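Letter by letter, the chains look like this.
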Amino acid sequence: MKNKWLQILTPVLFYSLSAYTQLPLFPVSDVNPFIGTDGHGHTYPGSSMPFGMVQLSPDTRLDGWDGCSAFHDSDTIIYGFSHTHLSGTGCSDYGDILVMPFTGNISLKDYGFASSFSRTSETATPGYYSVFLEKYHVKAELTSTNRVGFHRYTFPANGKAGIVVDLKHRDKVLKSGITLVTNDEIEGYRISQAWAAKQMIYFVAKFSRPFNEVNIDSLQAFLTFSDNKNEPVLVKLGISGVSIEGARKNMEAEIPEWDFDSIRLQAQVTWNAELGKIRLEGATDEKQVVFYTAIYHTMLQPNIYNDVDGQYRGRDFEVHKTQGFSYYTVFSLWDTYRAAHPLYTILETNRTNDFIKTFLRQYKEGGMLPVWELSSNETGCMIGYHAIPVIADAYLKGIHDYSASDALEAMKHSAMQDHLGLKYFKIKGYIPADKEGESVSKTLEYAYDDWCIAMMAKKMGKEDDYRTFIARAQYYKNIFDPSTGFFRAKANETWFSPFEPAEVNFNYTEANAWQYAFYVPQDIEGLMELMGGREKFATKLDELFSTDSRTTGREQADISGLIGQYAHGNEPSHHMAYLYNFVLQPWKTQEIVHRICSEFYKNKADGLIGNEDCGQMSAWYVFSALGFYPVSPCSGVYALGSPVFPKAIIQLENGKNFIILAKNVSDTNFYIQSVVLNGKPYFKNYLRHEDIINGGEIIFNMGPLPNKAWGNSVGSAPVSRINDNFITPVPSVEMGEPIFFDATYVSLANPIKGTDIYYTLNGSTPTLKSEPYTGPFKFEKTTTLKAIASQAGIMQSFPIESHFIKIKKNRKIALNTVYAGQYSAGGDIALIDYIRGGDSFRTGSWQGYEGVDVDAVIDLGSEQQVHKLSIGFLQEQTSWIFMPEEVIFSVSTDGKIYTNVGRVTNDTDEHLAGTIIRAFTLNVKALKTRYIHVVAKNKGSCPYWHPGAGKKAWIFVDEISIE
């Protein structure tokens, strides 16, 4: 293609408006902000600065999963232009301070001021958006600085012109206010509740023309202008999380004049400098647009959150002030720790220091490192404590302009909590499924985060901390089932059953067993050993990418972009394509990475295969298109893949360049034939961080066929291995029914061959002097089994405790409706097994029925005196689970003819949030019966007011009690 590259501009350059048309447009013109606005990408096309506080963009969708960014490419109505947006999230928030121009008379009720628009009238580039509003014949243009949105509205020559400023848009308003300051300025604030429970935003809006008519209340300002003068109306709107005065300072400092084109120009110059940190040469137009849009998306967040005077609202909701750094918000860390933050350690080293300083302020002011922080709120979304790998990765790469000792203290604090399953993780070495939802994923991700703590502690010379956390980093071994080769959930020390690796259930986070099968980035060689060695590990990888792509169980829209059971549309899979490098088959990585880059990233509105997720989806592409990827952040190592471009130059903040050449690369020449690093032949299939950050040149020689002799020798693969302080995995119950009638046979196993197991029955915790396990048990009465495992008599596991309960021999249950497989609660007998469900339906102890009644018959085995009937239910309406409308009890002596003995109607408010557990109980006059028929009537579908209106409603039930 033609060489588009002119000199990269820097923000300090200034141009007159007359020179605007001569301004070099690249790489800004190679960004398509509409990529990801269709499908499930959840991006927005409006104006933002790199990591800016303002995201000024059109709002076309008010709710729903595909309305998370408030914009979707399939929509035809614009409600207005609001100043804050989230890029690629799976939850909805923001859309603050909506502004909408109008002509003529409008209705302020129910978005009566909304307008239709045509896609052909839209224009979007970094820092600029425009559209024609058909209802009003108004051209709307938007640009921005870091903290100020700048609007330009060109009205028709004749007619009444006005602007609405709306604060009730989208989120639930807790408190708000708007005040007229002068005849061309208003100010106000909004405190709202959505994903962020308490979001506070303040604003000042200055208009280029005085108002003719003003109508203001606490939620809306209706403003008209007396004379159009054939001139546009401009609006400068500064925002702040601190105060109205802070918003005013932001506005006055960043846009003191009324020159819209100059601000647009400054935005473009700034974006050119940021995007130009990586220069491409020889790329096709299409691939260049995909690449620069990906970089653009990685730079839309985190967002600066302090005002120009350094003030910000902290996690305690008090006002604080920065000291020599910028404070940020919007940390989608479960997503971004994997590739986005590692990318920042190359392109944004100074900002990375500020991100970590922000983390430490949030720890100091809010008591916890962020998990998914949004506008001073911890949303509690997703799992793990993934601020930790961000800190450790930066520290181990030499980025540490902050207190390392304070950082380590904060990291350890997150790891030593008792919430979200950590209590069990610490005392059992894994999280039981009946104690905490998503137990498998949480166990695995806590183990990885703890490895990051161990690595940083070791670098700092903190040996005690290192030993503690390197042991915890191996707890993944406690949930590995060698009989299936997967990580599986356990309850009562027994593997979750029935088990189907393609089933999506609440043992995993937005995934199934396949998509967490390889999540041990800290100890890949240890995982290989559990799987039976390198060859079996490689075979398992092959199966991952070739098995049937169908999933069962829960519907999970995030699971998309499937190659076999690899799901590129969601983060747990993102490192897996690069694992072939670890088994000395790098050509397979090259094949799969090339396929993903080619098929799942396109220059079109639905060009992303899943949620953008605050830059992570795009960061994967940026790394992969350059030819390498951080499989394990904190290791300082990048696995090599398949570079996309003939030449890429990374311009580092230290003044050095790292040049990547891919000779002969094309759509068919994607296999590495050989590599030269800094002038010398290079046979490793990985790079080190210092190779990049010190500058230099890597040359890939590409071809159409795999060179299986390159990168496959001993020493060529990246090293991922825990080498000391080994643990012994806990034993597990391989066979045995926890609830039985006559007898149950119980066997124990351990994932490491040659491990000894010691046990006690109905006794104290075993020691190495207890009875050695030699074979299966036969239990004929209720028994408590306790066991430990040991290797060589020294490395002792955590103890396990498993209960086997004998119930009355003749009691049976017949289910006339079918429960959902992923909510079996242990099987058909679950409703009479004497084990009651806990306070979460996600733990697997509740039996779930979707869209059907619960219809069960209990056989007592003989006629018995009955005086009380009861059945328990759980409601969590936000998960579409409701109480039954009524429960009907009937009895029979012969199992054929039933007599209705009563019904219990529901009196629990279906609107109530949270988890509600209730027993539907019927006291009956003493009667003799053998069979009890219980029918719990399902609502059928979610009510009209519910987000799932019209979809099937769930009933979750556990334990039918008969006295």
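Residues numbered from 1 in each chain as written. Predicted model: local features only at pLDDT ≥ 70, side-chain atom pairs only at ≥ 80, totals over all residues. Heavy atoms only, no water.

A few words now on the pairing of strand β55 (residues 899–905). Where strand β54 (residues 886–892) meets β55, six bridges bridge the pair, whose relative direction is antiparallel. Bridge pairing in β55 links V887 to V904. Taken together, β54 and the strand that follows it, β55, pair antiparallel across an intervening segment of six residues, in which G895 is found at a positive phi of about 80°. (Pairing = 2+ DSSP bridges. Helix = DSSP H or I, 4+ residues; strand = E, 2+ residues; numbered from the N terminus.)

Moving on to unusual backbone geometry. What you tend to see is this: most non-glycine residues have negative phi, and most peptide bonds are trans. In this structure, the amide linkage connecting Q301 to the following residue, P302, adopts the cis form with an omega of -5°. Among the structural elements, P302 can be located in the loop between α3 (285–298) and β19 (303–304). Along the chain, S497 connects to P498 via a cis peptide bond; the corresponding omega equals 0°. By secondary structure assignment, the location of P498 is in the loop between β29 (494–495) and β30 (503–504). Its identity as a non-glycine residue notwithstanding, S375 has a phi of 55°, on the positive side. Summarising the element assignment, S375 is placed in the loop between β24 (372–374) and β25 (377–378).

Looking now at the pattern of salt bridges. A full pass over the atoms with the stated rule returns 48 salt bridges. Linking D667 and K287 is a salt bridge whose minimum nitrogen-to-oxygen distance equals 2.5 Å. Of the two residues, D667 is situated in the loop between β37 (657–663) and β38 (671–677) and K287 in helix α3; the sequence distance between them amounts to 380 residues. For D691, the salt bridge is made with R688, and the minimal N-O distance between the two is 2.9 Å. Look at D691 and you get buried, because its relative accessible area is 10%. Among the residues examined, R688 registers a relative accessible area of 39% and is labelled partly exposed. Taken together, the shared-partner salt bridges in this structure form one network comprising D184, E185, E187, K206, E245 and R248. (Salt bridge = Lys/Arg side-chain N within 4 Å of Asp/Glu carboxyl O. Buried < 20%, exposed > 50% of the residue type's maximum accessible area, 1.4 Å probe, protein only.)

Let us now look at the packing of α3 against helix α15 (residues 616–626). Packing of α3 against α15 leaves a shortest axis separation of 8 Å and a crossing angle of 130°. Relative to α15, α3 is oriented oblique. Remark: the crossing between α3 and α15 carries left-handed chirality. Across from K287, V290, F291, A294, I295, H297 and T298 in α3, the residues of α15 making contact are S618, A619, Y621, V622, A625 and L626. (Axes fitted to C-alpha atoms, helices over the stretch in contact; angles between N-to-C directions. Parallel < 35°, antiparallel > 145°, perpendicular 65-115°, else oblique. Left-handed = near helix turned anticlockwise from the far one by under 90°. Contact = heavy atoms within 4.5 Å.)

Bringing the nonpolar core into the picture now. Grouped together as the largest cluster of nonpolar side chains are 219 residues, with contacts concentrated most on F81, F291, Y621 and F628. Broken down by element, the residue count for this core peaks at 12 residues, all from helix α10 (residues 439–459). Apart from the residues lying within four places of it in its own chain, the contact partners of F628 are I346, Y578, F623, Y638, A639, L640, G641, I650, I660, L687 and I692. Among the nonpolar cores identified, the runner-up in size contains 29 residues, and I813, L831, V957 and I962 belong to it. (Core = buried A, V, L, I, M, F, W, Y, C linked by side-chain atoms within 4.5 Å.)

So, on to the sheet that holds β25. Judged by pairing direction, the sheet is antiparallel, and its three strands sit side by side in the order β23-β24-β25 without closing on themselves. If you trace the sheet from one side to the other, it starts and ends with β23 (331–332) and β25, each paired once. Bridging between β24 and β25 involves two bridges; their strand directions are antiparallel. Counterpart to L374 in the pairing with β25 is N377.

Let us now look at helix α12 (residues 524–531). The buried fraction of α12 amounts to six of the eight residues, a majority that puts the element mostly inside the structure. Against β26 (480–481), β27 (486–487) and α13 (534–546) lie the buried residues of α12. Taken from the residues just after α12, G532 is the one with a positive phi, measuring 105°.

On to the packing of helix α8 (residues 404–415) against α10, then. In the contact formed by α8 and α10, the axes pass within 11 Å of each other and the chain directions differ by 150°. For the element pair α8 / α10, the angle class is roughly antiparallel. The hand of the α8/α10 crossing is left-handed. Of the residues in α10, those in contact with A404, A407, L408, M411, K412 and A415 of α8 are D450, C452, I453, M456 and A457.

It is worth spelling out the sheet that holds strand β35 (residues 637–640) at this point. With antiparallel pairing, three strands are arranged side by side in an open sheet as β34-β35-β40. Pairing within the sheet leaves two strands with one partner each, and these edge strands are β34 (628–629) and β40 (686–688). Examined bridge by bridge, β34 and β35 share two bridges and lie antiparallel to one another. The residue of β35 that forms the bridge with F628 is L640.

Take it as geometry only, folks, not as evidence of what the structure does.
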